[in-house]
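Inside the fold
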Amino acid sequence: MSDYDVVIAGGGHNALICASLLVQNGLKVLVAERNDWVGGGVITREVTLPGFKHDLFGSSHVWIHLNPDFQKIKPELEKHGLKYIWSEDNITGHPNKYAGQGIIVYKDIDKTCDTIAEYSKQDAISYKRIYEEFGEIKDGVTKAMFSPPAPPSYMFQGMENSREGMNRLRSFQQSSRAFTYEHFKNDHVRAFILGWATAPQTLPDQEGTAAGFYVMIPSIHYYGQSIPEGGSGMLSVSMQRYIEANGSTVMTGATVSKFITENGECKGIRLQDGTEIMAKHAVISALDPFQTYLNGFDDHELPSGFQEMVRNFKFGDVTIARVHYALDEAPKFKNGAEMDKTAFQRIFGSVADIDRQYQEMSMGVAPSDPFLWTAAWSTMDPTRAPDGKHTLIMDTFVPVDLANGDDWEQRAPDYVKNTLLKQLRNYTTNMDDDNILGEYIESGPSLARANLCFNRGVTTGGERLQSQMGSFRPFPNYADYRGPIKKLYMTGPSCHPGGGISGMGTIAANEILFDLGIKEEDDDFEF
């Protein structure tokens, strides 16, 4: 006898939104989460000092607003505490320590182009052209992002019969560097573009990554950028409240040890304490492929060779070194008041600086002159800190393994103080020791402990290789969110479209609703 229609292993934000959509359609769902809290990579904690709320992992909410199913369920979540605060004007700052006032991405495209034009009028024209081209494809991008990926030939077939389509196909095959150099000429603008293009932890010369730029920056102007009031984790909290208010269950402190199979079907989950929870219609794994298939099943329960395919899945070799600060006042940038109005900064230096960082990372060396990602979300949301005080996140990309054998957890405090903070001081006027009231440091080992899906400290759910994206994610023939056993489904950042706060768990939920005949499917691709 099954007490639940659907059981979900893992309680990250994708599991929770998957459960929310299923609950909205009348199904009874249980979510089992290992930690004593839900949210996975979308959580907020007071880790420095009381009253200072820090987004430990994901914080900027952009992609989720493109998700049509999230838009339908958002009014219900707002009844349970979700309230978005939007960057109305100054969205992202790009301070410059070499020349000029830096570049600011505004919601308004023309204001953004004006800051680019301070460095290169021609580059400003190129930027606006790419923005306008995104406008022509944005509906298709949204559908592609929140649907099972089409077979790889479909995009080529759809674009290869026009001059414009062929030109765009060529651009999509380029590396981020090749695309940047082809379309932009000024070094400072190139650093700004290349930094954005490599944000998903792709490499500058990795082919097939240029397509991301067509989505990442242009979408900011079309859709905007937001944060939940009270912290990123309020998205997860509101979904838990919604699920529980509608008769379903979120179980914390519940580690899934095995998936239960019988007669070739997945029937439920077994917890570490031996508790078995059965599902009538479906079991969903929101865990990563290693936890799901290498630990959750015995080899004989899976198709021949399947576990070997799982072992070939690549999480990547890039992690982050991150510090959370409790501050007396928000950073003040040398580039002026307009830069100070941005809550979120991407600080890249020059293209040569970016190249040096990736070269050092490839050698297993901690970057000596790193780019920075910083965010003082309390400037947008005063509820995140005591009156007049502020929070700050700062991090950079680093190699998972150091060639000299050092442990990142032991190395991180010195690296944060003498490299990351020193770099931030190159761009700011007030980040002295007296302004820092408290700190909390994260590195690969602590990330991996906090969330087992952060394999070796990699936070993306899996490397964004051409062989691991689209219809190949997580594996060829399994990109439709269905596992290799009947009634087993998958969701999470190891599935299409990958990592980030997108709420892509709605895709798996829709596939279950289609299979149960609760919703009617528009398109059906066979994989």
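Residues numbered from 1 in each chain as written. Predicted model: local features only at pLDDT ≥ 70, side-chain atom pairs only at ≥ 80, totals over all residues. Heavy atoms only, no water.

1. Side note on the overall build of the protein chain
Within the protein chain, the secondary structure is distributed over 17 helices and 18 strands. Its C-alpha atoms give the protein chain a radius of gyration of 23 Å, within 12% of the compact-globule value 24 Å for 527 residues. Seen through its C-alpha atoms, the protein chain measures out along the principal axes to roughly 70 × 60 × 50 Å. Classification of the 527 residues of the protein chain by burial places 59% in the buried group. Within the protein chain, counting contacts between residues at least 6 apart in sequence, those at least 24 apart form 72% of the total. Taking the average location of the 49 positive side-chain charges in the protein chain and that of its 69 negative ones, the two points are 2 Å from each other. (Helix = DSSP H or I, 4+ residues; strand = E, 2+ residues; numbered from the N terminus. Rg over C-alpha atoms; globule rule 2.2 N^0.38 Å. Buried < 20%, exposed > 50% of the residue type's maximum accessible area, 1.4 Å probe, protein only. Contact = heavy atoms within 4.5 Å. Lys, Arg positive; Asp, Glu negative; His and termini not counted. Charge placed at Lys NZ, Arg CZ, Asp CG, Glu CD.)

2. Quick word on the environment of Y242
Inspection of the secondary structure assignment puts Y242 in helix 10 (residues 233–245). Overall, the relative accessible area of 4% leaves Y242 in the buried class. In this structure, the C-alpha to C-alpha distance between Y242 and M490, residues 248 residues apart in sequence, is 22 Å. Apart from residues no more than four positions distant in its own chain, Y242 is found in contact with S20, V23, Q24, I73, E76, L77 and H80.

3. What about the packing of aromatic side chains?
Each aromatic ring pair is summarised here by two numbers: the centre-to-centre distance and the angle between the ring planes. Per the counting criterion, the structure on display carries 21 aromatic pairs. One residue, R322, lies across the ring of W373, its end atom 5.6 Å from the ring centre. Sitting above the plane of the W196 ring, R346 keeps its charged end 4.0 Å from the centroid. (Phe/Tyr/Trp six-rings, centres within 6.5 Å; stacked < 30°, edge-to-face > 60°. Lys NZ or Arg CZ within 6 Å of the ring centre and 35° of its normal.)

4. Here we look at helix 2 (residues 68–78)
Looking only at helix 2, the buried set comprises D69, F70, I73, K74 and L77. Down the axis, helix 2 shows its buried residues gathered within 140° of arc, on one side only. The elements touched by buried residues of helix 2 are helix 1 (13–24), strand 5 (84–86), helix 10 and helix 17 (505–515). Of the residues flanking the start of helix 2, the one acting as N-cap is N67, its side-chain oxygen 3.0 Å from the backbone nitrogen of D69. (Arc of directions from axis to C-beta. Polar contact = N/O pair within 3.5 Å; in protein donor to acceptor, adjacent residues only side chain to side chain.)

5. What to know about the sheet that holds strand 16 (residues 390–399)
One open sheet holds the seven strands; their spatial order is 7-6-14-15-16-13-17, and the pairing between them is mixed. Edge positions in the sheet fall to strand 7 (103–106) and strand 17 (436–442), since each of these pairs with one other strand and no more. Adjacent strand axes in the sheet meet at a mean angle of 20°, parallel and antiparallel pairs treated alike. Note that strand 13 (residues 318–327) and strand 16 share 10 bridges and pair antiparallel. Directly across from T319, in strand 16, lies its bridge partner V398. The sheet contacts of helix 15 (residues 408–425) involve strand 13, strand 14 (344–347), strand 15 (372–375), strand 16 and strand 17, and relative to strand 16 the element is tilted by about 115°. (Pairing = 2+ DSSP bridges. Axes fitted to C-alpha atoms, helices over the stretch in contact; angles between N-to-C directions.)

6. What to know about the packing of helix 1 against helix 10
Their axes nearest at 9 Å, the elements helix 1 and helix 10 cross at an angle of 30°. The crossing of helix 1 and helix 10 is left-handed. In this structure, helix 1 uses H13, L16, I17, A19, S20, V23 and Q24 to contact helix 10, whose residues at the interface are L235, S236, M239, Y242 and I243. Along the lines of polarity and charge, the residues of the contact of helix 1 with helix 10 split into eight nonpolar, four polar and no charged. (Left-handed = near helix turned anticlockwise from the far one by under 90°. Nonpolar A, V, L, I, M, F, W, Y, C, P; charged D, E, K, R; others polar.)

7. A word on the nonpolar core
Considering soluble globular proteins, one finds that nonpolar side chains tend to be buried as a cluster. Within the largest apolar cluster, 69 residues are counted, with the highest numbers of intra-cluster contacts made by I8, L22, V29, F70, L235, I269 and Y293. By residue number, the principal contributor to this core is helix 1, which donates eight residues. Residue contacts for L22: discarding those within four places in its chain leaves V6, L27, V29, I284, A509, I512 and L513. Within the second largest apolar cluster, 43 residues are counted, among which are Y119, Y127, I130 and I220. (Core = buried A, V, L, I, M, F, W, Y, C linked by side-chain atoms within 4.5 Å.)

8. Focus: the packing of helix 7 (residues 176–183) against helix 8 (residues 187–197)
Direction vectors running N to C along helix 7 and helix 8 enclose 150°, while the axes themselves pass 9 Å from each other. If you check the angle between helix 7 and helix 8, you find them roughly antiparallel. At the point where helix 7 passes helix 8, the crossing takes the right-handed sense. Of the residues in helix 8, those touching helix 7 at S176, R177, T180 and Y181 are R190, I193, L194 and A197. Looking at the contact of helix 7 with helix 8 residue by residue, the classes come out as four nonpolar, two polar and two charged. (Parallel < 35°, antiparallel > 145°, perpendicular 65-115°, else oblique.)

9. Some thoughts on helix 8
Burial within helix 8 is extensive, with 10 of its 11 residues counted as buried. Looking only at helix 8, the buried set comprises H188, V189, R190, A191, F192, I193, L194, G195, W196 and A197. Here helix 8 starts with a cap whose side-chain oxygen sits 2.8 Å from the backbone nitrogen of H188, and that cap is N186.

10. Some thoughts on the pattern of salt bridges
Counted by the stated rule, this structure contains 31 salt bridges. The shortest N-O distance in the salt bridge between K258 and D298 comes to 3.4 Å. Here K258 is found in strand 10 (residues 256–262), whereas its partner D298 is found in the loop between helix 11 (289–295) and helix 12 (306–311), with 40 residues between them in sequence. Its relative accessible area of 26% is what places K258 among the partly exposed residues. Since its relative accessible area comes to 36%, D298 is described here as partly exposed. (Salt bridge = Lys/Arg side-chain N within 4 Å of Asp/Glu carboxyl O.)

11. Considering the state of the cysteines
Counted by the stated rule, this structure contains zero disulfides. A disulfide-free cysteine, C495 has its sulfur positioned 10 Å from the sulfur of C18, the nearest such atom. By relative accessible area, which is 2% here, C495 ends up buried. (Disulfide = S-S within 2.5 Å.)

12. Notes on the side chain of Q423
Mapped onto the elements of the fold, Q423 is located in helix 15. Here Q423 falls in the buried class, since its relative accessible area comes to 4%. At a separation of 2.7 Å, a polar atom in the side chain of Q423 contacts the main-chain carbonyl oxygen of P370. Setting aside anything within four residues of it in sequence, one finds Q423 in contact with K97, D369, P370 and L372.

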